[in-house]
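# Chains, contacts and geometry: an overview
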Amino acid sequence: MEITIRDTGLFGHVDVTLDNDDAFTSEAGALFKMTSNTMLTTSSRKKGSGGGIFAAAKRMLASASFFLTEYSSKDGEPVQLSLAPLMPGDCAKIELDDSCRWYCTGGSWIGCGRDVSIDTEFAGFKKGMAGGEGMFYIVCSGTGPMIVSAFGKIQKIQVRGEYNVDSGHVVAYQDTLHVDVGNASGSGFGGFVTSGLVGEGFVMKFTGNGTVYTQSHSPTRLGKTVGPTLPERS
């Protein structure tokens, strides 16, 4: 399997080349081109994993699609396909080595290889409501490639000790990190007031050793800004 990140910047996408015995799974709707010998299999669950409709419903709570699409070869010859995220921005490939799990927030997960397992996990009321990125995360484990997307520019950060990221700008992180949610300006009522006055919200406070991927723009903040200006639905 060969994965190439294309057009880094505003409109990134991913090219995937599969050999005759390879398979790749993505959320439904991510595919925008493919060779004619590509076989598509759509299901509510990833092949080899359980959960069925219940697992699919949980994925929707994590801003992912109900259905998943698996790509493979019809004729034993290599196939090529291209995937793109909904929001404009960078894509990144993360290579899983079965040493930890990865949490993907707010619809950032695009797809993964055959040997990567997908689950959905409750983030907790504190992370979900204060963070504004949803109550559920897509959780990936196993070995092989995983593709995530960002709104805007994506950045990989190696945490050694402590690091704070605005909750709307977190894409994915390793479970080797402990995560808490707090005010950007500190704890207590004073910190809450100060955060509100300067326009800063809640931050995800990472401690330990691990990797975090961040995005330069926040879909949640964009939605809150643009939403009130749109006409009401008839």
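Keep in mind it's a predicted model, so treat the numbers as computed, not measured.

Parameters and conventions
The written sequence of each chain sets the order in which its residues are numbered from 1. Note on the predicted model: pLDDT of at least 70 is required for a residue's local features to be given, and 80 or more for side-chain atom pairs to be given and counted; whole-chain, interface and lining totals, by contrast, use all residues. Working from all heavy atoms in the structure, the side-chain values ignore hydrogens and water. Helix numbers and strand numbers start at the N terminus; a helix is a DSSP run of H or I with at least 4 residues, a strand a run of E with at least 2. For accessible areas, the Shrake-Rupley method is used with a probe of radius 1.4 Å. Any residue's cover is judged against the shown protein chains and nothing else. In what follows, residue pairs with any heavy atoms lying within 4.5 Å of each other are defined as contacts. Note on ring pairs: Phe, Tyr and Trp rings are taken, using the six-membered ring of Trp, and paired if centres are within 6.5 Å. Classes follow the plane angle, with under 30 degrees stacked, over 60 edge-to-face and the rest tilted. Exposure categories follow from relative accessible area, calculated using a 1.4 Å probe and restricted to protein chains: below 20% of the type maximum is buried, above 50% is exposed, and the middle band is partly exposed. Note on definitions: salt bridges are taken to be side-chain nitrogens of Lys or Arg within 4 Å of carboxyl oxygens of Asp or Glu. Any two cysteine sulfur atoms lying within 2.5 Å of each other are counted as a disulfide. Strands are treated as partners if at least two bridges between them are detected by DSSP. Excluding any residue in a salt bridge, patches collect residues exceeding 30% relative accessible area, merging like charges within 9 Å and nonpolar Val, Leu, Ile, Met, Phe, Trp and Tyr side chains within 5 Å. The predictor's confidence in any single residue is recorded as pLDDT, a number from 0 to 100.

### Here's the deal with the overall build of the protein chain
- If you tally the helices and strands in the protein chain, you get four helices and 16 strands.
- As displayed, the protein chain has an accessible area near 11,900 Å², and 54% of this comes from carbon and sulfur atoms.

### Notes on the environment of Asp98
- Of note, Asp98 is situated in the loop between β8 (91-97) and β9 (102-104).
- The spatial distance from the C-alpha of Asp98 to the C-alpha of Cys140 is 9.7 Å, given a sequence separation of 42 residues.
- With sequence-adjacent residues up to four places away left out, Asp98 is seen in contact with Gly142 and Thr143.

### Some remarks on the packing of aromatic side chains
- In the structure shown here, the tally under the stated rule is five aromatic pairs.
- With 6.3 Å between their ring centres and 85° between their planes, Tyr137 and Tyr173 make a pair best called edge-to-face. Here Tyr137 is found in strand β12 (residues 136-149), whereas its partner Tyr173 is found in strand β14 (residues 170-174), with 36 residues between them in sequence. There is no split in this pair, since Tyr137 and Tyr173 are both buried.
- Consider the rings of Tyr173 and Phe206, whose centres lie 5.2 Å apart with planes at 65°: the pair is edge-to-face. Separated by 33 residues along the polypeptide, Tyr173 in strand β14 and Phe206 in strand β16 (residues 202-215) bring together distant segments of the chain.
- Classification of Tyr173 as buried rests on a relative accessible area of 2%.
- An aromatic cluster is defined as three or more aromatic residues linked by ring pairs; in this entry it consists of Tyr103, Tyr137, Tyr173 and Phe206.

### Concerning the environment of Arg114
- Within the secondary structure layout, Arg114 lies in the loop between β10 (109-113) and β11 (116-122).
- Taking relative accessible area as the criterion, Arg114 reaches 47% and is therefore assigned partly exposed.

### Details of the pattern of salt bridges
- This structure, assessed with the given rule, holds four salt bridges.
- Here Lys153 makes a salt bridge to Asp90, at a shortest N to O gap of 3.7 Å. Of this pair, Lys153 sits in the loop between β12 and β13 (154-166) while Asp90 sits in the loop between β7 (79-83) and β8, and the two are 63 residues apart along the sequence.
- Residue class for Asp90 comes out buried when judged on its relative accessible area of 3%.
- Among the ionic contacts, a cluster of salt bridges with common partners joins Arg101, Glu121 and Asp175.

### Side note on the state of the cysteines
- Scanning all chains against the criterion turns up zero disulfides.
- The thiol of Cys104 is unpaired, and the distance to the nearest cysteine sulfur, on Cys140, comes to 4.8 Å.

### Describing the pairing of strand β3 (residues 24-27)
- With burial as the criterion, each face of β3 is covered, one bearing Phe24 and Ser26 and the other bearing Thr25 and Glu27.
- In this sheet, strand β6 (residues 68-73) lies alongside β3 in antiparallel orientation, the contact comprising four bridges. Paired with Phe24 across the strands is Tyr71, a residue of β6.
- The pairing of β3 with β10 spans three bridges and is antiparallel. Looking at the pairing, Phe24 lines up with Gly113 of β10.

### Focus: a nonpolar patch on the surface
- Taken together, Leu222, Val226 and Leu230 make up a surface patch of nonpolar side chains, about 240 Å² in accessible area.
- Here Leu230 is to be found in the segment after α4 (219-226).
- The class for Leu230 is exposed, based on a relative accessible area of 53%.

### Considerations on the confidence of the model for the protein chain
- Per-residue pLDDT for the protein chain averages 82, and the proportion of residues at 70 or more is 77%.
- Residue range residues 188-199 is modelled with pLDDT below 50. Its contacts to residues more than four positions away, or to other chains, number 13 contacts.

### Notes on the pairing of β7
- Counted residue by residue, β7 has four buried out of five residues, so it is predominantly covered.
- Judged from the five bridges that link them, strand β2 (residues 13-18) and β7 form a sheet pairing that is antiparallel. When the sheet's bridge partners are listed, Val14 is paired in β7 with Leu83.
- With three bridges connecting them, strand β4 (residues 31-34) and β7 associate as antiparallel partners. Across the sheet, residue Met34 finds its bridge partner in β7, namely Leu81.

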